[in-house]
Amino acid sequence: MSEVEDYTGRTGRNETREEQLDRNWAELLQELRVLQTGVQILAGFLLTLPFQQRFEKLDDWEVGLYLTNVVIAALTTAFILLPVSVHRRLFRKRLKETLVSSADTITKIALGGIALLSAGTAALVFDVAAGRSAGVTAGGALLGVMVVMLVFVPLRLNKQATGKILPPTQEKE
């Protein structure tokens with residue numbers, strides 16, 4: 001459930017609903033900027049590989065993994081840009097709540113893309129440098145760690161936070 005859905009009218013910040021949505025939108029944009037930088041670095045790395053001499057020695061599995069990573073990088077970039085496109089379409093239509101809610105969902109999908117891209121890139125590098133078993137192990141292990149970090153840690157923190165009863169001045173947003 002997103003912050004928008006959880007809204008109770010009291011944030012402890014002395015702000016209107018519109019001010020809260022504006023703040024949420026600004027925070028989402030900042031998060032997307034951070035995500036974009038990471039994806040750009042990984043995508044840039046991937047785009048340089050075909051121009052390396054050793055690239056010609058990749059087997060079919062490695063080429064397939066490489067191309068899959070390029071597609072994931074492109075799709076993840078598109079998801080990171082999507083909230084901006086949605087904002088352009090919804091601008092001045094008094095749909096800020098829809099914008100913030102959709103951007104929240106889109107950002108979660110982009111995080112999933114980054115997890116796949118990170119694991120896939122590590123798998124490719126380990127495969128080329130240390131062999132297939134090392135590549136599959138590294139990619140799988142990293143994907144597992146990313147799922148824990150990006151899904152289970154936030155869920156656990158949310159469960160801990162919602163289990164506490166806060167005084168009225170410290171209510172959650």
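Residues numbered from 1 in each chain as written. Predicted model: local features only at pLDDT ≥ 70, side-chain atom pairs only at ≥ 80, totals over all residues. Heavy atoms only, no water.

The name that an unreviewed UniProt entry assigns to the protein chain is DUF6328 family protein, with the source organism given as Arthrobacter sedimenti.

### Quick look at helix 4 (residues 96-130)
Helix length check: helix 4 (35 residues) gives 49 Å between terminal C-alpha atoms against 51 Å at 1.5 Å per residue, within 8%. Once helix 4 ends, the next one or two residues include Gly131, with phi positive near 110 degrees. (Helix = DSSP H or I, 4+ residues; strand = E, 2+ residues; numbered from the N terminus. Expected span 1.5 Å × (residues − 1).)

### Section: the pattern of salt bridges
Taken as a whole and judged by the stated rule, the model has 8 salt bridges. The partner of Lys108 in a salt bridge is Asp104, with the nearest N and O atoms 3.2 Å apart. Of this pair, Lys108 and Asp104 both sit in helix 4, 4 residues apart, roughly one helical turn. On the basis of relative accessibility, which here comes to 49%, the residue Lys108 falls in the partly exposed class. Of the charged contacts in the structure, one is a salt bridge between Arg132 and Asp127, with a shortest N-O distance of 2.5 Å. Using a relative accessible area of 4% as the deciding quantity, one classes Asp127 as buried. Look at the salt bridges and you will find they share partners, linking Asp59, Glu62, Asp127 and Arg132 into a network. (Salt bridge = Lys/Arg side-chain N within 4 Å of Asp/Glu carboxyl O. Buried < 20%, exposed > 50% of the residue type's maximum accessible area, 1.4 Å probe, protein only.)

### Details of the packing of aromatic side chains
Tallied over the full model, the rule gives 1 aromatic pair. A centroid spacing of 5.1 Å and a plane angle of 75 degrees characterise the contact between Phe55 and Tyr66, whose relative ring orientation is edge-to-face. Taken together, the positions of Phe55 in the loop between helix 2 (17-48) and helix 3 (60-90) and Tyr66 in helix 3 put the pair 11 residues apart, joining distant regions of the chain. Over the face of the ring belonging to Phe91 we find Arg88, whose NZ or CZ atom lies 4.6 Å from the ring centre. (Phe/Tyr/Trp six-rings, centres within 6.5 Å; stacked < 30°, edge-to-face > 60°. Lys NZ or Arg CZ within 6 Å of the ring centre and 35° of its normal.)

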